[in-house]
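A structural walkthrough
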Amino acid sequence: MYQKGRAWIELDLEHLKHNAAEFCRLLPWDCALMPAVKANAYGHGAVLTAKALQEQGIHAFCVASASEGIELRQGGITGELLVLGYTHPSQFDDLLTYDLTQTVVDGVYAQELKRDGRRFTVHVGIDTGMHRLGERWEHLEEIVKIFQIPNLNVTGVFSHLCVSDGESTQARAYTLEQIRHFDYVVEELHRQGFHDFKCHLQGSYGILNYSEYCFDYARVGIALYGVLSEKNDRLYQEITLKPVLSLKARVGSIRTLYQGEGTGYGLTYSAEENRRIAVLTIGYADGLPRNLSNSGYILCNGKMAPIVGRICMDQMMVDVTEIPQVHPGDEAVLIGKSGDLEIRAEDLAQWSGTISNEIVSRLGERLERVGKCHMGV
Ligand SMILES: *Cc1c(COP(=O)(O)O)cnc(C)c1O
């Protein structure tokens, strides 16, 4: 088995609690957090993360699939678990056995649940403009019909914003339209006598950029883990987010690359002069993007070491020529702090041309997840 000896994730649960408290501060008192702990809590470890949040008094969570919901239930998570995506009828048993709330992804799906006949607890998805899931907001009659299906216990209605991170005039106008459409549906449902359901619309950027709009829940995801999708100096001013996750590996071997020699598959890096290379015990099978090859750096003993050559499946090479005193067995930091320096998930995302959500959620099974101790802090 792979142990902390090779490559691992350290989780700072105090930072998670700090971030949750920051979001509670931003949101009106009557809006509760419903954290997205899908994709193994964005790579952080679903049960570990949800447990820490549950201890903080958070009692509703979002997952992507019934299986993710089962994992949380088996890990001791009580309270509401909303499955945000489609569940195949072959897994309807699980919804009931594990007391999961299912999203009604559209009118056709509502009929599928009706045909089954058993009593399901559901939140109805409303498409207010993202055009991914939900019954269209204009189809009010269809939405009301879903509420009237006798075997459905509708406890919520929700939608999702698709450009709430955008700062352009168009993006803001589009988001305000989506909010207006959602409000309209909720108002109409109230007018037609449906009152006993919760509403939710915002994810991280919806909360950060539209905190004045409040519903019953806010489905905070990426930012709860202390990271934004991309660097954003304006938002860093407004909220203090502390990264929960650090990613570390070991120096496995130190070797000299003589002038003119290359390293790694394809020999894509070659030394213009003699260099000292450290081989690290982590690679793309652990979830590092392969297109970090020859871009970005890692931290070792409080100093930066550039990534050289192609990222391999289980190993990678960095240039430690400028770092004296590096030895096999030393710790290499890929995300997190070393001395006064820090690499954030946003940095890795930038170097590899993606968003931090993708970076953290793909961190692999092979990495052990360990809680970080706060010694004397
Ligand atoms: C993943 C997801 C969220 C959380 O989004 P973040 O941007 O990570 O905060 C919220 N709602 C839905 C429907 C999602 O799929």
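Before reading on, note that the structure itself is shown above.
None of the values given here were measured: they were computed from a predicted structure.

**A word on the pattern of salt bridges**
One pass over the structure, following the stated rule, counts 23 salt bridges. Between Asp286 and Arg6 there is a salt bridge whose closest N-O contact spans 3.0 Å. Note that Asp286 is positioned in the loop between strand S14 (275–280) and strand S15 (297–300) and Arg6 in the segment before strand S1 (7–11), a separation of 280 residues in sequence. Accessibility expressed as a relative area gives 13% for Arg6, which makes it buried. Between Arg275 and Glu273 there is a salt bridge whose closest N-O contact spans 3.6 Å. The class for Glu273 is partly exposed, based on a relative accessible area of 46%. Each of Arg6, Asp286, Asp314 and Arg366 takes part in salt bridges that share partners, so that together they form one network.

**Side note on the packing of helix H7 (residues 140–148) against helix H8 (residues 169–191)**
At a minimum axis separation of 11 Å, H7 and H8 run at an interaxial angle of 55 degrees. Here H8 runs oblique to H7, going by the angle between their axes. Crossing of H7 against H8: the hand is right-handed. Between H7 and H8, the contacting residues are Leu140, Ile143, Val144 and Phe147 on the first element and Tyr184, Val185, Glu188 and Leu189 on the second. Grouping the amino acids of the contact of H7 with H8 by side-chain chemistry returns seven nonpolar, no polar and one charged.

About the criteria used
- Each residue is numbered by its place in its chain's sequence as written, counting from 1.
- Predicted model: local features are reported for residues with pLDDT of at least 70 only, side-chain atom pairs are reported and counted for 80 or more only, and whole-chain, interface and lining totals are derived from all residues.
- Hydrogens and water are ignored here; the side-chain numbers use all heavy atoms of the structure.
- The working definition used for a salt bridge is a side-chain nitrogen of Lys or Arg within 4 Å of a carboxyl oxygen of Asp or Glu.
- A run of DSSP states H or I qualifies as a helix once it reaches four residues; a run of E qualifies as a strand once it reaches two. Both are numbered from the N-terminal end.
- Think of it in three bands: with a 1.4 Å probe and only protein chains considered, a residue is buried below 20% of the maximum accessible area for its type, exposed above 50%, and partly exposed in between.
- Throughout, an axis means a line fitted to C-alpha atoms (over the contacting stretch in the case of helices), and angles, computed between N-to-C directions, take values from 0 to 180 degrees.
- Orientation labels follow simple angle bins: below 35 degrees gives roughly parallel, above 145 gives roughly antiparallel, 65 to 115 gives roughly perpendicular, and whatever is left gives oblique.
- Rotating anticlockwise by less than a right angle from the far helix to the near helix defines a left-handed crossing, while the corresponding clockwise rotation defines a right-handed one.
- What makes two residues a contact is simply this: any of their non-hydrogen atoms within 4.5 Å.
- Gly is placed with the polar residues, together with every amino acid not listed as nonpolar (Ala, Val, Leu, Ile, Met, Phe, Trp, Tyr, Cys and Pro) or charged (Asp, Glu, Lys and Arg).

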